[in-house]
Each structure stands twice: as C-alpha cells, then as structure tokens.
Amino acid sequence: MLNVSVETKKNVVLSYIMEGEGPVWRMTRELTQRKYGEFTVEERDLLDLPAQARTDALNQLAFYATAQVPAQAAMGAQEAAARAAANCRQALARLAPLVEDQGELA
C-alpha cells in the first residue's frame, strides 16, 4: 500500500488478522482500495511497520487474543469475539518467533 499512513497500514493488517475473509474485512478492503488503490495484505506485514507501530500492533493482538465478551452478549457477538480472539492467538503464535528472530522480544 503506497502512500498510506502507518496507522492505516496497521489497522488494515489488524482487521485482516481478526476478521479473516469475513464481511468486515471485505468492507475494510473495499473502502481502503477505493481510497488508495489495489493492495495485498498478509499478517507478516506487521513486521514491516516502524518499531513503535509494530509494538503497538502486537500489543493490540495480544489484547484481542484474551478479550472476553460478557455472557449476556448476543450469541453472534460471542461467536465473533471468540473467532477474532482465536485468529489473534494464531497470528501471535506465527509472528512471535519472527519478531524474536529480529531480537525485538524479551
């Protein structure tokens, strides 16, 4: 994504990770492509962000991976939250070794 702010790149990649190929991701992609043109996204794109943005994104992934939805929430909200949390946990499991190889995690 050329000419896109770091914050936008971070948010697009996080949306991709949390949503997968679901409807929210498709909408996010469509709106972003309208504004910036065609692009591809992979979860590893987080590693290309500047250090602080990368740290922020990884912290957000860790937060979403452990987020809880109240039991009284609608079943659809619970399922979506559980799916997003699982996607974040899986992405963190794949990304953490790569970040450690770069010497950025303790």
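Coordinates for the structure precede this section.
Residues numbered from 1 in each chain as written. Predicted model: local features only at pLDDT ≥ 70, side-chain atom pairs only at ≥ 80, totals over all residues. Heavy atoms only, no water.

**Describing the packing of aromatic side chains**
- Tallied over the entire structure, the rule returns 2 aromatic pairs.
- Ring centres 5.2 Å apart and planes at 70° place the aromatic pair Tyr-16 and Trp-25 in the edge-to-face group.
- According to the relative accessible area criterion, Tyr-16 is partly exposed, its value standing at 24%.
- When the centroid spacing of 5.5 Å and the interplanar angle of 65° are considered together, the rings of Phe-63 and Tyr-64 count as edge-to-face.
- By relative accessible area, Phe-63 is classed as exposed at 53%.
- The class of Tyr-64 is partly exposed, set by a relative accessible area of 29%. (Phe/Tyr/Trp six-rings, centres within 6.5 Å; stacked < 30°, edge-to-face > 60°. Buried < 20%, exposed > 50% of the residue type's maximum accessible area, 1.4 Å probe, protein only.)

**Side note on the pattern of salt bridges**
- Within the structure shown, the criterion is met by 3 salt bridges.
- Of the charged contacts, one joins Lys-10 and Glu-7 as a salt bridge, the two residues approaching to 3.3 Å between their closest N and O atoms. Note that Lys-10 and Glu-7 are positioned in helix 1 (residues 6-19) at a spacing of 3 residues, about one turn of the helix.
- Measuring nitrogen to oxygen at the nearest pair gives 2.6 Å for the salt bridge that ties Arg-94 to Glu-43. Placement of the pair is Arg-94 in helix 4 (residues 75-101) and Glu-43 in the loop between helix 2 (23-36) and helix 3 (51-66), with a sequence separation of 51 residues.
- We classify Glu-43 as buried; its relative accessible area is 15%. (Salt bridge = Lys/Arg side-chain N within 4 Å of Asp/Glu carboxyl O. Helix = DSSP H or I, 4+ residues; strand = E, 2+ residues; numbered from the N terminus.)

**Considering the nonpolar core**
- With 19 residues, the main nonpolar core has Ile-17, Val-41, Leu-46, Leu-61 and Leu-95 as its most contacted residues.
- Counting residues per element, the ones that place at least two in this core are helix 1, helix 3 and helix 4.
- Of the residues forming this core, the biggest block, 5 residues, is contributed by helix 3.
- Not counting residues within four places of it along the chain, the set of residues in contact with Val-41 comprises Val-12, Val-13, Tyr-16 and Trp-25. (Core = buried A, V, L, I, M, F, W, Y, C linked by side-chain atoms within 4.5 Å. Contact = heavy atoms within 4.5 Å.)

**Regarding the environment of Leu-92**
- As for its placement among the helices and strands, Leu-92 is situated in helix 4.
- Taking C-alpha positions, Leu-92 is 23 Å from Phe-39, a pair spaced 53 residues apart along the chain.
- When neighbours within four sequence positions are excluded, Leu-92 is seen to be in contact with Leu-58, Leu-61, Ala-62, Ala-65 and Pro-97.

**Describing helix 2**
- Between its terminal C-alpha atoms helix 2 stretches 20 Å, which fits the 20 Å expected from 14 residues at 1.5 Å a residue.
- Gly-37, located one to two residues past helix 2, shows a positive phi value of around 95°. (Expected span 1.5 Å × (residues − 1).)

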